[in-house]
Amino acid sequence: MSTGGIIWKLEGSEILNKKYKIITVVAIGILLLLTYGVWQNRRSTPKKMSYTEFLQEIQENRVEKVYLDDGPTIHGFLKDDAEFITDNPRKEGFKEELLIQGIIVEEIRGREFLNQTIGYAVMMGLLVGGLLYISNKVPQAKGKTSKVSGMSIKPEESVRVKFSNIAGNEEAVHSVEELIDFIHNPEKYSKYGARLPRGVILYGPPGTGKTLLAKAIAGEAGVPFYAVSGSDFVQVYVGVGASRVRELFKKARQVGKCVIFIDEIDALGKKRDGGLDGRSNDERDQTLNALLAEMSGFNENEGIVVVAATNRLDTLDEALLRPGRFDRHIEIGLPDVKARIKILGLHSKNKPISKEVDLEKLAQQTVYFSGAQLENLMNEAAILAAKEGSGMIEDDHIEKAFYTVIAGFEKMDRSSISEVDRKITAYHEAGHALVTKLVAPENRVSRVTIIPSTKGAGGFSMNIPPNRMYFKKRDMENSIKIMLAGRCSEEIVFGKDNITTGASNDLEKATSVLTDMVRRFGMSESSGLLNYDVLYENGIREVQDNFLDEAKKILDALYIEVKDLLTENKALLKEIAIRLLAEETLDEEQLDHLVKKAV
Ligand code: ADP
Ligand code: ZN
């Protein structure tokens, strides 16, 4: 998640005259170069070590730190500060072995040397650029930059990202399309008294294109794009974050129409935890309140849209999500196979790809990859091909790049979810979807997928019960059946001993609905019409509460009904699961088609 916001510290605002400016910049540049040279020389040439010697050093507990990369050699430091270099065994689990020995491991992606040189060049470029920028800026900025915040925020002037740079994510793009019109003609909407969207939250796993989408909104609307990160606002000193927020909005308002992007909004908008870590809370609360005040404060026809991104919506403070604030929530999920084909296609457009490369097949092999990982994959492949000078990107390059990309991620990464897990998820989700269609056809299943989302560990079936004022006992039982169907399907297909933890959330929800039925709504015969909560609140505890027995009996009976239903329709269940394994996502139409064909 990269924010493009450029934030320079303007320490003090003394005015330099032009001549001094140039001299200062050159002098500082030379000084930095010299310092770097001295620092480089200070480091002795690393000692070459054979791999066995290296193992020996580990044994004797003399290794302090190892830099891991994918090159032929690795280097590091011994505890006595001596630098060493040795062969890279490039074996799986190597990092863990080192970590177990208490060695500090730092991973470097790509060739270290190149990295360092590039890093150095970039650093120098940035420094010199920054200095030039500051020295240019200072004279105009006299008295203008606020002393409170010590921060100046500059928009990215010409955002060239367009919707056409986004692949997949169609729904999300569609839901922000009207924002463009709103930014252009806010008056059109305010004339009709429409309350305009001020804040949009994009939520979903990292690398799915949230920043990209926010940029594209600015790009399509042709307005400046301000990018900041929530963590920029979280400061040690109370009040600093809040004044930065005010500064940001003040700047934005001066520009007029624009898009403000706040990445990692959770850094400042986390649920307030009632002062558990009291100290930092003050600052965060003030910052959050400042943001809320600014958002409610701006005029509806200003054409400013605030877009925020987070990995998890459920950790955000509710105050942020209320109407008039971030009242639009758009989920950006991991791409399914069709979306992956499109993303791969998009990122191979500007690359010479050999005809034998089959992007469709590649899309199938990259389950659980995010857009960023797919982009990374194509890029690594291109780098490999360029290094070899092979003219075209071949299967071989992609194959190698594939391992570089997945090796760079930790074990828990989604891309390592095994085929077995995929199969379990497919049957589990197929169970939910099929039972929904069988017991409550009036419920809409808008989508079934085995791609994990932020809402569930293993994929989900979206259920939209028709709007109703009252729910019948039958409806509540049906929703419990739907919840149980995932587990039940696992049991039928894989056997009683192979059921998984995948149903934990389902069971939680089922228990909660059932508890309400028995204790609040008087829907079970033996518990009668009493409301147990009221009884307990009034200190009446001697009522014989047979809730446990009662609830268990009902749940077991419902489970048996689900089991019968799924056993009867096992062929159909299997068909849905197989389709899910192949296509990962089925929409309502495809599901209906399968069900109708069978019934
Ligand atoms: P996030 O903000 O969700 O973490 P980013 O927007 O920073 O993700 O995505 C990083 C990069 O990954 C993008 O710049 C783009 O190159 C690529 N990418 C991610 N999602 C997509 C997508 N849906 N279509 C095209 N490229 C994508
Ligand atoms: Zn489930």
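Refer to the structure presented above.
Residues numbered from 1 in each chain as written. Chains lettered and ligands numbered in written order. Predicted model: local features only at pLDDT ≥ 70, side-chain atom pairs only at ≥ 80, totals over all residues. Heavy atoms only, no water.

(A) A look at the overall build of the protein chain. Of the regular secondary structure elements, the protein chain holds 22 helices and 15 strands. Relative to its 599 residues, the protein chain shows a buried fraction of 42%. Counting only contacts in the protein chain whose residues sit at least 6 apart along the sequence, the fraction spanning at least 24 positions is 73%. About 32,300 Å² of surface is accessible on the protein chain, with carbon and sulfur atoms providing 55% of the total. (Helix = DSSP H or I, 4+ residues; strand = E, 2+ residues; numbered from the N terminus. Buried < 20%, exposed > 50% of the residue type's maximum accessible area, 1.4 Å probe, protein only. Contact = heavy atoms within 4.5 Å. Areas by Shrake-Rupley, 256 points an atom, 1.4 Å probe, with all protein chains shown as cover.)

(B) Spatial organisation of the side chain of Glu57. Among the secondary structure elements, Glu57 is positioned in helix H2 (residues 51–59). Within the structure, the side chain of Glu57 is placed 2.7 Å from the side chain of Arg62, a separation counted as a polar contact. Beyond its immediate stretch of four places on either side in the chain, Glu57 contacts Lys47, Met49, Arg62, Val63 and Leu78. (Polar contact = N/O pair within 3.5 Å; in protein donor to acceptor, adjacent residues only side chain to side chain.)

(C) Quick peek at unusual backbone geometry. Notably, Asn61 is not glycine yet its phi reads approximately 60 degrees, a positive angle. Along the chain, Asn61 turns up in the loop between H2 and strand S3 (63–68). Backbone geometry places Asn169, a non-glycine residue, at a positive phi of 45 degrees. Structurally, Asn169 can be placed in the loop between strand S7 (151–154) and helix H5 (170–184).

(D) Molecular detail of the side chain of Arg244. Secondary-structure assignment places Arg244 in helix H8 (residues 240–255). Asp232 provides the closest opposite charge to the buried, unpaired Arg244, separated from it by 6.1 Å. Within the structure, the side chain of Arg244 is placed 3.1 Å from the backbone oxygen of Asp232, a separation counted as a polar contact. (Lys, Arg positive; Asp, Glu negative; His and termini not counted. Salt bridge = Lys/Arg side-chain N within 4 Å of Asp/Glu carboxyl O.)

(E) Main features of a negative patch on the surface. Together, Glu356, Asp358, Glu360, Asp395 and Glu399 make up a negatively charged patch on the protein surface. Inspection of the secondary structure puts Glu399 in helix H15 (residues 395–407). Classification of Glu399 by relative accessible area gives partly exposed; the value is 47%. (Patch = residues over 30% accessible without salt bridge, like charges linked within 9 Å, V, L, I, M, F, W, Y side chains within 5 Å. Charge placed at Lys NZ, Arg CZ, Asp CG, Glu CD.)

(F) Structural view of the sheet that holds strand S11 (residues 304–310). Pairing is parallel across the open sheet formed by 5 strands, whose spatial order is S9-S10-S11-S8-S12. The open sheet is flanked by strand S9 (225–229) and strand S12 (326–331), the only strands paired with a single partner. Neighbouring strand axes in the sheet, compared pairwise and without regard to direction, differ in orientation by 20 degrees on average. Pairing of S9 with strand S10 (residues 258–263) involves 5 bridges; the strand directions are parallel. Within S10, the position partnered with Tyr226 by the bridge is Ile260. On top of the sheet, helix H7 (residues 210–221) reaches strand S8 (199–203), S9, S10 and S11; it is set at about 170 degrees to S10, its chief contact. (Pairing = 2+ DSSP bridges. Axes fitted to C-alpha atoms, helices over the stretch in contact; angles between N-to-C directions.)

(G) Focus on the sheet that holds strand S4 (residues 73–78). Strand order across the open sheet formed by 5 strands is S2-S5-S4-S3-S6, with mixed pairing between neighbours. Strands at the two margins of the open sheet, each flanked by one partner only, are strand S2 (47–48) and strand S6 (104–107). Relative to S4, S3 runs antiparallel, the two sharing 4 bridges. Bridge pairing in S4 links Val66 to Gly76.

(H) Expanded view of the nonpolar core. Core analysis: the biggest nonpolar cluster contains 42 residues, and Leu434, Val435, Ile480, Met517, Leu566, Ile576 and Leu580 have the highest contact counts within it. When contributions to this core are tallied by element, the ones reaching two or more residues are helix H16 (419–439), strand S13 (444–449), helix H17 (473–494), helix H18 (504–519), helix H20 (547–568), helix H21 (570–583) and helix H22 (588–598). Tallying contributions element by element places H17 first for this core, with 8 residues. In terms of nonpolar packing, the next biggest core, distinct from the first, is built from 30 residues, Phe182, Leu196, Ile217 and Val305 among them. (Core = buried A, V, L, I, M, F, W, Y, C linked by side-chain atoms within 4.5 Å.)

(I) Geometry of the packing of aromatic side chains. Scanning all chains against the criterion turns up 5 aromatic pairs. With a centroid separation of 6.5 Å and 80 degrees between ring planes, the pair formed by Phe182 and Tyr189 is classed as edge-to-face. With relative accessibility at 4%, the residue Phe182 sits in the buried group. An angle of 25 degrees between the planes, with centres 5.6 Å apart, marks the rings of Phe369 and Phe402 as stacked. Taken as a pair, Phe369 in the loop between helix H13 (359–365) and helix H14 (371–388) and Phe402 in helix H15 lie far apart in primary sequence, 33 residues in all. Note on Phe402: relative accessible area 14%, which makes it buried. (Phe/Tyr/Trp six-rings, centres within 6.5 Å; stacked < 30°, edge-to-face > 60°.)

(J) Examining the coordination of the zinc ion (ligand 2) more closely. Coordination of the zinc ion (ligand 2) by the protein is provided by His428 (NE2), His432 (NE2) and Asp506 (OD), with metal-donor distances spanning 2.0 to 2.1 Å. Between consecutive donor residues of the zinc ion (ligand 2), the sequence gaps follow H-x3-H-x73-D. Separated by 78 residues along the polypeptide, His428 in helix H16 and Asp506 in helix H18 bring together distant segments of the chain. Here His428 matches Asp506 in class, with each residue buried. (Donors = N, O, S within 2.8 Å, 3.2 Å for Na, K, Ca; no water.)

(K) Geometry of the pattern of salt bridges. One pass over the full model with this rule turns up 22 salt bridges. Note that Lys496 and Glu491 form a salt bridge whose closest N and O atoms lie 3.5 Å from each other. Taking relative accessible area as the criterion, Lys496 reaches 60% and is therefore assigned exposed. Here the salt bridges do not stand alone but share partners, grouping Glu57, Glu60 and Arg62 into one network.

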